[in-house]
Amino acid sequence: MKTIEIKKIVEAIETSDGAGVKLKRSIGTPEADYIDPFLMLDEFGSENKDDYIAGFPPHPHRGIETVTYMLKGEFEHEDSTGAKGRMTPGDVQWMKTGAGIIHSEMPAMSEGKLLGFQLWINMPAKLKRNKPQYLYIKGNELGTHKDADKVVKVIAGKFEKAEGPEKNHNVDPIYFHVVLEKNKEFKCNVPKDHNSFIYLLTGQVTVGDKKHKETHNSNLILLDKGDQLIVKANKKSEFLFIAGKPIGEPIARGGPFVMNTKAEILEAVQDYHNGTFAKY
Ligand code: FE
């Protein structure tokens, strides 16, 4: 077994998106542009309503999957396929945009704390033109493993007996939300070709067997390939562990569209302007 070590520790960058929602971006930045198949990771969180109240008014997507995980606060979404829903703490929304979707994500709260994550997973060329698909998982239906040392919520993949809802996914994703008690260890097996990373929400962790730079809150910890992950909590810690099989295709980014070529991005922009974008 090859123990996974840290490749690089990257600070999340404060930015804003939508109609001015403040967030911390850790993937999709100059230092971590594309961790194939992951295109973006945003933490949106604030206690100040002015930081989130404007939300994400209607906007298009093509060629990606967005996985939204809410920890605090409530969001309302609506999209061009007619899907509608209200996300409450613990809920997961998994959207495969495929050929195109137009959606809005607006806070369903006028005050209080908001905390959530949005991960973008790239789609391979053969799936980018598919009909959009939508999966909604209530927090209490998420597979959860609990023991004296840790709680592991499984958004994707499998940990012990807890399993995520996405089966036979093309990148074989792993997405765990782990709360680890002080001086305890989290161990899991990872397919050896997967790219993986940890996003540390709170606390301080040691990864692997070698000595590494100290980690802290809002750190993106990019990991080397290997087949066993060992994380030790130096204090009580909370983190996301995310992994997936690389797609290995060229990418062209155009804001909310991610395709394989620049010409396909122009096509998406034209479709959107012509009103022929959302076919489903
Ligand atoms: Fe969106």
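In case you missed it, the structure is sitting above this.
Residues numbered from 1 in each chain as written. Predicted model: local features only at pLDDT ≥ 70, side-chain atom pairs only at ≥ 80, totals over all residues. Heavy atoms only, no water.

*Asks:* Where do I start with the overall build of the protein in this structure?
*Replies:* Each helix and strand in the protein was counted, giving one helix and 23 strands. Relative to its length of 280 residues, the protein is compact, with a C-alpha radius of gyration of 18 Å against a globular reference of 19 Å. If one aligns the C-alpha atoms of the protein with their principal axes, the spans along those axes are about 55 × 45 × 35 Å. In the protein, which comprises 280 residues, the share counted as buried stands at 54%. Just so you have it, the protein exposes about 12,600 Å², and 48% of that area is on carbon and sulfur atoms. (Helix = DSSP H or I, 4+ residues; strand = E, 2+ residues; numbered from the N terminus. Rg over C-alpha atoms; globule rule 2.2 N^0.38 Å. Buried < 20%, exposed > 50% of the residue type's maximum accessible area, 1.4 Å probe, protein only. Areas by Shrake-Rupley, 256 points an atom, 1.4 Å probe, with all protein chains shown as cover.)

*Asks:* Where do I start with the sheet that holds strand β5 (residues 56–61) in this structure?
*Replies:* Strands belonging to one sheet form pairs held by backbone hydrogen bonds; the direction of such a pair is parallel or antiparallel. Reading across the sheet, the four strands line up as β5-β10-β7-β8 and stay open at both edges, with antiparallel pairing between neighbours. Here the strands that pair on one side only, and so sit at the sheet edges, are β5 and β8 (84–87). Pairwise comparison of adjacent strand axes, ignoring direction, gives a mean angle of 20° for this sheet. Two strands pair when backbone bridges link them, and strand β7 (residues 75–79) and β8 are joined in this way by four bridges, in the antiparallel orientation. Residue pairing for β8: His77 is matched across the bridge by Gly85. (Pairing = 2+ DSSP bridges. Axes fitted to C-alpha atoms, helices over the stretch in contact; angles between N-to-C directions.)

*Asks:* Can you walk me through the nonpolar core in this structure?
*Replies:* Side chains of a nonpolar character, in soluble globular proteins, are inclined to be buried together. Core analysis: the largest hydrophobic core is formed by 30 residues, its most contacted members being Leu119, Tyr175 and Phe197. At the level of secondary structure, the elements contributing two or more residues to this core comprise β4 (38–46), β6 (64–72), β9 (92–96), β11 (114–122), β14 (150–156), β19 (195–207), β20 (219–223) and β21 (228–244). The leading source of residues in this core is β11, at four residues. Beyond its immediate sequence surroundings of up to four residues, Phe197 is in contact with Ile27, Phe38, Leu41, Leu119, Leu220, Ile221, Leu222, Leu223, Leu240, Phe241 and Ile242. In this structure, Phe159, Phe176, Val231 and Ala243 belong to the second largest nonpolar core, which totals 26 residues. (Core = buried A, V, L, I, M, F, W, Y, C linked by side-chain atoms within 4.5 Å. Contact = heavy atoms within 4.5 Å.)

*Asks:* Would you mind going over the coordination of the iron ion with me for this structure?
*Replies:* When four donors bind a metal tetrahedrally, each ideal donor-metal-donor angle is 109.5 degrees, and when six bind octahedrally, the ideal angles are 90 or 180 degrees. Those donors, His59 (NE2), His61 (NE2) and His103 (NE2), are the protein atoms that reach the iron ion, and they lie 2.1 to 2.2 Å from it. Mapping the donors of the iron ion onto the primary sequence yields the spacing H-x1-H-x41-H. Here His61, found in strand β5, pairs with His103, found in strand β10 (residues 101–107); they are 42 residues apart in sequence, far enough to count as distant. The pair formed by His61 and His103 is uniform in burial state, with each residue classed as buried. (Donors = N, O, S within 2.8 Å, 3.2 Å for Na, K, Ca; no water.)

*Asks:* Just checking my understanding: could you explain the environment of Ala162 for this structure?
*Replies:* Among the secondary structure elements, Ala162 is positioned in strand β16 (residues 162–163). By relative accessible area, which is 8% here, Ala162 ends up buried. Remark: the alpha-carbon pair of Ala162 and Gly18, spanning 144 residues in sequence, is separated by 34 Å. The contacts of Ala162, once residues within four sequence positions are left out, are Gly143, Thr144, His145, Val154 and Gly157.

*Asks:* I keep staring at the sheet that holds β11 and nothing clicks. Help me out?
*Replies:* Strand order in this open sheet of seven strands is β2-β3-β4-β11-β6-β9-β12, and the pairing throughout is antiparallel. Because the sheet does not close on itself, it has two edges, and the strands there are β2 (13–17) and β12 (133–137). Sheet twist, expressed as the mean angle between neighbouring strand axes with direction ignored, is 20°. Where β2 lies against strand β3 (residues 21–27), five bridges are found, and the strand directions are antiparallel. Of the residues in β3, the one forming a bridge with Ser16 is Lys22.

*Asks:* Could you clarify how one ought to interpret the packing of aromatic side chains in this entry?
*Replies:* The geometry of an aromatic ring pair is captured by the separation of the ring centres together with the interplanar angle, meaning the angle of the planes. Considering all chains together, one arrives at 12 aromatic pairs under this definition. Pairing Phe44 with Phe75 gives two aromatic rings, centres 5.8 Å apart and planes at 50°, and the pair type is tilted. Residue Phe44 is found in strand β4, and its partner Phe75 is found in strand β7; the two are separated by 31 residues along the sequence. Each ring, one from Tyr69 and one from Tyr175, has its centre 6.2 Å from the other, and the planes form 80°; the classification is edge-to-face. In this pair, Tyr69 sits in strand β6 while Tyr175 sits in strand β17 (residues 174–180), placing the two residues 106 residues apart along the sequence. Here the aromatic cluster, defined as three or more aromatic residues joined through ring pairs, consists of Phe159, Phe176, Phe186, Phe239 and Phe241. (Phe/Tyr/Trp six-rings, centres within 6.5 Å; stacked < 30°, edge-to-face > 60°.)

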